[in-house]
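A structural walkthrough
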Amino acid sequence: MELFPVCLFLLAAFTAASSAGPQESNRYVAAGSETITMELPAGPQVSTDDKLIWKRNGSSVYIKDNKMNNNFTVSLTWALKVPAAELQVVGQVDVYTLEVHDTQGKEKLTMKTILHLLEKVRTPTLTINCTDKDNAVFHCFCNISQRQDLVYEWKLNGTVQSEKTQVFKVPRKLVWKSVSCEVSNKAGKESSAASEAKCIDSSVSAVLYQIYHDFFWYIVGGGGGLVLLLFFITVLCCVRARTRRKNRMQTESEMRLEWTNQTPRQDQQQQREKKKKKKGPQPGGSQPHRCKSSQDANRSRRKDPAATPLASKDHATSAASSANPARPRPSPRPPQSERDGGLGVDHGPPLPKPRKKAGPKTNSRARP
């Protein structure tokens, strides 16, 4: 029971000491940055009658209502603007202190800010290593000297992963579209470009699976287009075949109709020729011209030996020719309808047959 008042006293003393001491904070800025602003903490406002002093590493850089020859300025809220010339050295640490006093000289506010200048983070590069049998190993490299302060963050297909190291392993069986890394320090952060690199397995099944995964929609689209093309070709062929069949049937019907119209005419012509053949030549009608044979000529010469001056010679010639029989007269040509079998096809006149050679002439009168 006696220790309880002592603890309360120590706690109150510690609270009073902490509240009375200056407020301290750390701020990290990338070297080479533009002008930065040291804002005042939230709390009591600075009045126009208060006295305000900004110090850098213990030296005053701004005093209210006093003009100083430097590049430091303040805003309307009394925030200090640090020029870019003071933010160029990597690893530099500066302490900025704000002191506010009232009109009676009593300390009203004290704030201390420690400014750390760090190396600016550059855009990292991403590489992949496929030597591992089961995993694709990605390395995130950032060209910076202060690598001990870097923090890595990985994204797989846009989703943040729990891995926080420079190396990130992705199982080969896992399907991914993109991998990226983000490098940051206390002064800033940069992200790499998303990589779609993959480790290609040399086995046939892995290659086929990779092709199927990468070109699935292309295969589906190409197959659908091919089926559609075959469908249109089939329809076109069917339409053309139907049109040809219709034209052929129409042509056949026209030819059949024409043949039907020609058949009665041919029958009538055949009947007329048969009737003429049965009746024979008409009396007094014109007879076909007949060539006189050699016997008829000899007979006429015998009846009229004085018709020509060469009667004796003709008589001898006729006597010699009488020894040889006259060539038989060719049989008359059958009608057109009988020769063609009733089809009415005209083959033209018959070809002449070769003449037989006559034997040696002998004079019957010369023999005794």
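Residues numbered from 1 in each chain as written. Predicted model: local features only at pLDDT ≥ 70, side-chain atom pairs only at ≥ 80, totals over all residues. Heavy atoms only, no water.

A few words on the overall build of the protein chain. Assigned secondary structure in the protein chain consists of six helices and 15 strands. A total of 368 residues make up the protein chain; the buried ones form 20% of that total. Sequence separation of 24 or more characterises 56% of the internal contacts of the protein chain that already satisfy a separation of 6 or more. Total accessible area computed for the protein chain in this model is approximately 28,400 Å², and 57% of it derives from carbon and sulfur atoms. (Helix = DSSP H or I, 4+ residues; strand = E, 2+ residues; numbered from the N terminus. Buried < 20%, exposed > 50% of the residue type's maximum accessible area, 1.4 Å probe, protein only. Contact = heavy atoms within 4.5 Å. Areas by Shrake-Rupley, 256 points an atom, 1.4 Å probe, with all protein chains shown as cover.)

Pairing within the open sheet is antiparallel, and its three strands lie in the order β9-β10-β13. Because the sheet does not close on itself, it has two edges, and the strands there are β9 (125–129) and β13 (167–171). This sheet shows a mean twist of 25° between the axes of neighbouring strands, independent of strand direction. Where β9 lies against strand β10 (residues 135–141), five bridges are found, and the strand directions are antiparallel. Its bridge partner lying in β10, L126 is registered against C140. (Pairing = 2+ DSSP bridges. Axes fitted to C-alpha atoms, helices over the stretch in contact; angles between N-to-C directions.)

Attention now goes to the nonpolar core. In terms of nonpolar packing, the biggest core is built from 20 residues, with L52 and W54 touching the most fellow members. At the level of elements, β2 (36–38), β3 (51–56), β4 (59–63), β6 (80–82), β7 (93–101) and β8 (107–118) are the ones that each hand at least two residues to this core. The greatest single-element share of this core, amounting to four residues, is contributed by β8. Setting aside its immediate chain neighbours within four residues, W54 contacts M38, L40, S59, S60, V61, Y62, V74, W78, L80, T97, L98 and M111. Counting residues in hydrophobic clusters, the runner-up holds 18 residues, among them A136, W154, V179 and C199. (Core = buried A, V, L, I, M, F, W, Y, C linked by side-chain atoms within 4.5 Å.)

Together, L208, I211, F215, Y218 and I219 make up a nonpolar patch on the protein surface, roughly 550 Å² of accessible area in all. Within the element layout of this structure, Y218 appears in helix α3 (residues 216–279). (Patch = residues over 30% accessible without salt bridge, like charges linked within 9 Å, V, L, I, M, F, W, Y side chains within 5 Å. Salt bridge = Lys/Arg side-chain N within 4 Å of Asp/Glu carboxyl O.)

The alternating pattern of strand β11 (residues 151–156) places Y152, W154 and L156 on a buried face, while none of V151, E153 and K155, on the opposite face, is buried. In this structure, β11 lies alongside strand β14 (residues 179–184), joined through six bridges in antiparallel fashion. The partner of W154 across the bridge, within β14, is C181. Here β11 pairs with strand β12 (residues 159–160) via two bridges, running antiparallel.

The strand order β2-β6-β5 describes an open sheet built from three strands, whose pairing is antiparallel. At either margin of the open sheet sits one strand with a lone partner, and together these are β2 and β5 (73–74). Pairing of β5 with β6, which is carried by two bridges, proceeds in the antiparallel orientation. Counted as the bridge partner of V74 is L80 from β6.

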